[in-house]
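Secondary and tertiary structure notes
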Amino acid sequence: MLLFLFLALLEDSGYISRVAFMTDGLFRKIGLSGRSAFTMLMGFGCSATAVLTARGLEDDMMRKKTVLLTPFMSCSAKMPVYAMLISAFFPDVRWVAVILIYSLGIACVCVGSLILKKWVFKGDEPPFIFELPEYRMPSVSSALRYVRDRLREFLKKAGAVLFPASVVIWALGYFDFSMHYAADAKFSMLGRIGGAISFIFSPLGLRDWRCCVALISGLVARETTVSTLGILIGSAQSVRDIISPQAACAFMSFSLLSMPCVAAVAALRRELGTKSTLKVLIFEFITAWTVSFAVYRIALLI
């Protein structure tokens, strides 16, 4: 709510346009445009909304680069994951941990843009021509209406996506494939699925099948990761029993950089088409796994 409130005030005051103008020189060094600044800024709120705002970019190459990199920004849906793990493992340095995880996303945007500029989207960027609106006092009522609409969208998602997803995950963790009650969740449908894919995440220190299932469930909506872990761990254990501090760093990094939620994927498909969206998802998964592996190894050394 606070994030969207301040974004609304900045946009209504005419300042966002000046952000695009001031950041154009810096963004061009990494292969983006100042016009990408607002989309990236919106990425801190909601990746799906941010991807749709990229329609304002006139150059098709710049629009594709911006849309591809925006999901690396840490959207508000990822904050519950950080809050859970940082509170459990790094309570004394919470603000440092939050700054580091946000900085990691920004760094991946910069490096990813340079890679795309050099090997994928070659060519000169179009000149930056932009009309700056006059500064004006932002309308509080307009900003509050904007926040209300964003909150309404979240509540709809919570009711239509998060709650049903939690129920489905609970059922999959309660029954086995023969639809009998599983005395041990490890032998449930969810446990079997998690065990089958655990080899993918084992190099990241996430060997427990519950971690694998939680990461996969986050593809529905990132907040579902927290509710999934809550369901699977139960009241008898804590997250510290199944994840080490180093693996927690990898978990947060993967949640930050991996494929966005279904709403963002739908927005990507609308903007890029099915074939290009699949390429984007593969690129983001490989990036998320590679960076998370590096983070885990560095954390082990530290």
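Residues numbered from 1 in each chain as written. Predicted model: local features only at pLDDT ≥ 70, side-chain atom pairs only at ≥ 80, totals over all residues. Heavy atoms only, no water.

1. Brief notes about the overall build of the protein
The helix and strand inventory of the protein stands at 14 helices and zero strands. For a compact globule of 302 residues, the expected C-alpha radius of gyration is about 19 Å, and the protein comes in at 20 Å, within 12% of that figure. Seen along its three principal axes, the alpha-carbon backbone of the protein occupies a region of about 65 × 45 × 45 Å. Expressed as a percentage of its 302 residues, the buried residues of the protein come to 46%. (Helix = DSSP H or I, 4+ residues; strand = E, 2+ residues; numbered from the N terminus. Rg over C-alpha atoms; globule rule 2.2 N^0.38 Å. Buried < 20%, exposed > 50% of the residue type's maximum accessible area, 1.4 Å probe, protein only.)

2. Regarding the pattern of salt bridges
Inspection of the entire model under this criterion finds five salt bridges. Salt-bridge contacts for aspartate 208 lead to arginine 210; the nearest nitrogen and oxygen are separated by 2.9 Å. Accessibility classification places aspartate 208 together with arginine 210 in one group, the buried group. Connected through salt bridges with shared partners, the residues Arg148, Asp149 and Arg152 form a single ionic network. (Salt bridge = Lys/Arg side-chain N within 4 Å of Asp/Glu carboxyl O.)

3. Let's talk about the confidence of the model for the protein
For the protein, the mean per-residue pLDDT works out to 83, and 93% of the residues sit at or above 70. Here helix α8 (residues 140-174) stands out as the least confident element of the protein, with mean pLDDT 78; helix α12 (residues 245-257) is the most confident, with 94. (pLDDT = per-residue confidence, 0-100.)

4. Notes on the environment of glutamate 11
For glutamate 11, the position within the fold is in helix α1 (residues 2-13). For glutamate 11, a relative accessible area of 38% translates into the label partly exposed. In the structure, glutamate 11 is positioned 36 residues away from serine 47 in sequence and 18 Å away in space, judged by C-alpha atoms. Residues within four places of glutamate 11 in sequence aside, it is in contact with Ile16, Phe38 and Arg136. (Contact = heavy atoms within 4.5 Å.)

5. A look at the side chain of serine 292
Its place among the elements puts serine 292 in helix α14 (residues 274-301). Separated by 3.0 Å, the side chain of serine 292 and the backbone nitrogen of phenylalanine 254 make a polar contact. Contacts of serine 292, omitting those with residues within four sequence positions, involve Leu204, Ala250, Ser253 and Phe254. (Polar contact = N/O pair within 3.5 Å; in protein donor to acceptor, adjacent residues only side chain to side chain.)

6. As for the packing of aromatic side chains
Under the counting rule described, the total for this entry stands at seven aromatic pairs. Ring geometry for phenylalanine 201 versus phenylalanine 254: centroids 5.3 Å apart, planes at 85°, classification edge-to-face. Here phenylalanine 254 lies in helix α12 and phenylalanine 201 lies in helix α9 (residues 189-201), a separation of 53 residues in the sequence. Each member of the pair phenylalanine 201 and phenylalanine 254 is classed as buried. Of the aromatic side chains, those joined through ring pairs into one cluster are Phe44, Tyr82 and Tyr102. One cation-aromatic arrangement involves arginine 18 over tyrosine 135; the distance from NZ or CZ to the ring centre is 4.0 Å. (Phe/Tyr/Trp six-rings, centres within 6.5 Å; stacked < 30°, edge-to-face > 60°. Lys NZ or Arg CZ within 6 Å of the ring centre and 35° of its normal.)

7. Structural notes on helix α5 (residues 60-69)
The buried count for α5 comes to eight of ten residues, which makes it a mostly enclosed element. Among the structural elements, α3 (36-43), α4 (47-53), α7 (94-119), α13 (262-272) and α14 are those in contact with the buried residues of α5.

8. Some thoughts on the state of the cysteines
Counting across every chain of the model gives zero disulfides. In this structure cysteine 110 is a free cysteine whose sulfur lies 9.2 Å from that of cysteine 108, the closest cysteine sulfur available. With no disulfide partner, cysteine 211 has as its closest neighbouring cysteine sulfur the one in cysteine 212, 6.5 Å distant. (Disulfide = S-S within 2.5 Å.)

9. Here we look at the environment of proline 133
One can find proline 133 in the loop between α7 and α8. Proline 133 sits in the partly exposed class, given a relative accessible area of 28%. The residues contacting proline 133, other than those within four sequence positions of it, are Gly14, Ser17 and Arg18.

10. A word on the environment of methionine 252
Its location among the elements puts methionine 252 in helix α12. Overall, the relative accessible area of 6% leaves methionine 252 in the buried class. Here the alpha-carbon distance between methionine 252 and phenylalanine 285, two residues 33 residues apart in the chain, equals 14 Å. For methionine 252, the contacting residues outside a window of four places in its chain are Tyr82, Leu85, Ile86, Phe90 and Ile101.

11. Here's the deal with the nonpolar core
By size, the foremost hydrophobic cluster in this structure holds 58 residues, and its most contacted members are Leu85, Leu206, Ile243 and Phe251. If we skip the residues at most four places from it in the chain, leucine 206 touches Ser198, Phe201, Cys211, Cys212, Leu215, Ile243, Ala247 and Phe251. Listed in part, the seven residues of the second largest apolar core include Phe4, Ile16, Phe38 and Met42. (Core = buried A, V, L, I, M, F, W, Y, C linked by side-chain atoms within 4.5 Å.)

12. Re unusual backbone geometry
Despite not being glycine, methionine 179 shows a phi value in the positive range, around 65°. Looking at the element boundaries, methionine 179 is found in the loop between α8 and α9. The exposed category is assigned to methionine 179, whose relative accessible area is 53%.

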